[in-house]
Amino acid sequence: MTVPLVHAIDRSSLTLRPPGVGSARHLSNLDGVFADAVARAALLADGDPLVYTVEAVEHREGSGALSYGLGVLQPGRVGEEYFMTKGHAHARREAAEVYLGVAGRGLMVLEDLRDGRAWTLPLEPDGVVVVPGYVAHRTVNVGDEPLAYLGLYPSDAGHDYAVIAEANLRLVVLAGPAGPEVVERADLTARGAVRRAERERSAS
Ligand code: PAN
Ligand code: ZN
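Owing to the predicted nature of the structure, the values given are computational and were not obtained by experimental measurement.

Undergrad: I keep staring at the overall build of the chain and nothing clicks. Help me out?
TA: Looking only at helices and strands, the chain has three helices and 17 strands in total. Here the C-alpha atoms of the chain give a radius of gyration of 18 Å, agreeing with the 17 Å that 2.2 N^0.38 yields for 204 residues. Along the first, second and third principal axes, the C-alpha atoms of the chain reach 65 × 40 × 30 Å. In the chain, which comprises 204 residues, the proportion classed as buried is 42%.

Undergrad: For this particular structure, what's the right way to read the sheet that holds strand 12 (residues 128–131)?
TA: Sheets are built from strands paired through backbone hydrogen bonds, the pairs being either parallel or antiparallel. Taken in spatial order, the six strands make up an open sheet running 3-4-5-14-9-12, and their pairing is antiparallel. The open sheet is flanked by strand 3 (21–26) and strand 12, the only strands paired with a single partner. Taking each pair of neighbouring strands and ignoring which way they run, the sheet shows an average axis angle of 20°. Pairing between strand 4 (residues 50–57) and strand 5 (residues 66–73): six bridges, direction antiparallel. By the bridge assignment for strand 5, valine 57 is matched with tyrosine 68.

Undergrad: How should the coordination of the zinc ion (ligand 2) be read in this particular structure?
TA: By definition of the ideal shapes, a tetrahedral metal site with four donors has angles of 109.5 degrees and an octahedral site with six donors has angles of 90 or 180 degrees. Distances from the zinc ion (ligand 2) to its protein donors, His88 (NE2), His90 (NE2), Glu97 (OE) and His137 (NE2), fall at 2.1 to 2.3 Å. As a motif over one chain, the donors of the zinc ion (ligand 2) read H-x1-H-x6-E-x39-H.

Undergrad: Help me understand the site of ligand 1 in this model?
TA: Near ligand 1, the surroundings consist of 15 residues, among which Tyr52, Glu97, Tyr99, Tyr149 and Tyr161 are the closest. One of the side-chain N or O atoms of tyrosine 52 is found 2.5 Å from an oxygen atom in ligand 1. The separation between an oxygen atom of ligand 1 and a polar main-chain atom of glycine 87 is 2.9 Å. Contact with the protein chains covers 96% of the free accessible surface of ligand 1, which is 400 Å². Elements with a minimum of two residues in the shell around ligand 1: strand 4, strand 9 (97–103) and strand 14 (147–154). By residue class, the composition of the shell around ligand 1 is six nonpolar, six polar and three charged.

Undergrad: I tried to follow the side chain of histidine 88 on my own but got confused; where do I start?
TA: Counting through the fold element by element, histidine 88 comes out in the loop between strand 7 (81–82) and strand 8 (89–90). A relative accessible area of 9% means that histidine 88 is categorised as buried. Contact partners of histidine 88, with chain neighbours within four places excluded, come to Glu97, Val135, Ala136, His137, His159, Asp160, Tyr161 and Ile164.

Undergrad: Is there a simple way to explain the sheet that holds strand 10 (residues 106–112) in this structure?
TA: Read across the sheet, three strands follow the order 11-10-13 without closing on themselves; strand pairing throughout is antiparallel. The open sheet is flanked by strand 11 (118–123) and strand 13 (135–141), the only strands paired with a single partner. Taken pair by pair, the neighbouring strands of this sheet meet at an average axis angle of 25°, ignoring direction. Looking at chain direction, strand 10 and strand 13 are connected through seven bridges and run antiparallel. When the sheet's bridge partners are listed, leucine 110 is paired in strand 13 with histidine 137.

Calculation criteria
Residue indices follow the written sequence of each chain, beginning from 1 at its first position. Written order determines the labels here, with chains lettered from A and ligands numbered from 1. Residues qualify for local features only when their pLDDT is at least 70, as the model is predicted, and side-chain atom pairs are given and counted only at 80 or more; totals for whole chains, interfaces and linings, by contrast, use all residues. Here the side-chain values reflect all heavy atoms present in the structure, with hydrogen atoms and water set aside. Strands here mean DSSP runs of E at least two residues long; helices mean DSSP runs of H or I at least four residues long; both are numbered from the N terminus. Atoms counted for the radius of gyration: C-alpha only. Globule rule: 2.2 Å times the number of residues to the power 0.38. Buried means the residue's accessible area, taken with a 1.4 Å probe over protein chains only, is under 20% of the maximum for its type, while exposed means over 50%, and partly exposed covers the values in between. In short, DSSP must find at least two bridges between two strands for them to pair. Helix axes are fitted to C-alpha atoms over the stretch in contact, other axes to C-alpha atoms as well, and angles between N-to-C directions run from 0 to 180 degrees. A 2.8 Å cut-off from the metal defines N, O and S donors, relaxed to 3.2 Å for Na, K and Ca; water is not in the atom list, so some sites may appear incomplete. Here a residue is considered near a molecule or strand provided that any single heavy atom belonging to it is located within 4 Å of it. Identification of polar contacts relies on pairs of N or O atoms within 3.5 Å, with a donor-acceptor requirement for protein atoms, meaning one able to donate a hydrogen and the other able to accept it, and with residues adjacent in sequence counted only if both atoms are side-chain atoms. Only the protein chains shown count as cover for residues, and the accessible areas themselves come from Shrake-Rupley with a 1.4 Å probe. Note on residue classes: Ala, Val, Leu, Ile, Met, Phe, Trp, Tyr, Cys and Pro are nonpolar, Asp, Glu, Lys and Arg are charged, and everything else, Gly too, is polar. It only takes one pair of heavy atoms within 4.5 Å for two residues to be counted as in contact.

Right, here's the structure in full:
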């Protein structure tokens, strides 16, 4: 079947017309992504929420082909962390990607696999973000509405989830009292201990 060369983004339903090939990830499909295992288990027991969907349009004609996916990431939190994607680097490491923000308020968490440099960038409607090659990436919904974006990538980029599965990405985005806070994963344990001590003090 030939893949259509024209699609429209329907901004009210956040879907493609005609539809792409859909996939969905629920919280149960995101193992080892969120730091707070207790909060995750509670949400799973309560019904395993849908975290995001991707509608992909993949063109496969030759080595220069481009593909794209419309990602829709729901608002929500697991403990202090906002809902986010699993995250990956491209199997063909040098393959870059362009993200176009469509709706909602997001952050991209990025990490260069060559030198470990890590940073975040805003992902907002009509904003264009470049993810260079060799950079692992995930999106985080830091708003109250669905976050939608189009990711455009070489068709032979491939998704490598395993490369970040063990250590996860270095930067973590938490919902702080004044909005998103970006912290180092290595500082999470200490931070959790301080929070617990504060809770125990105020409870006693
Ligand atoms: C995006 C992602 C999309 C879902 O289209 O695939 O945001 O994230 P995960 O693939 O990490 O589950 C992309 O970056 N494609 O290359
Ligand atoms: Zn990608």
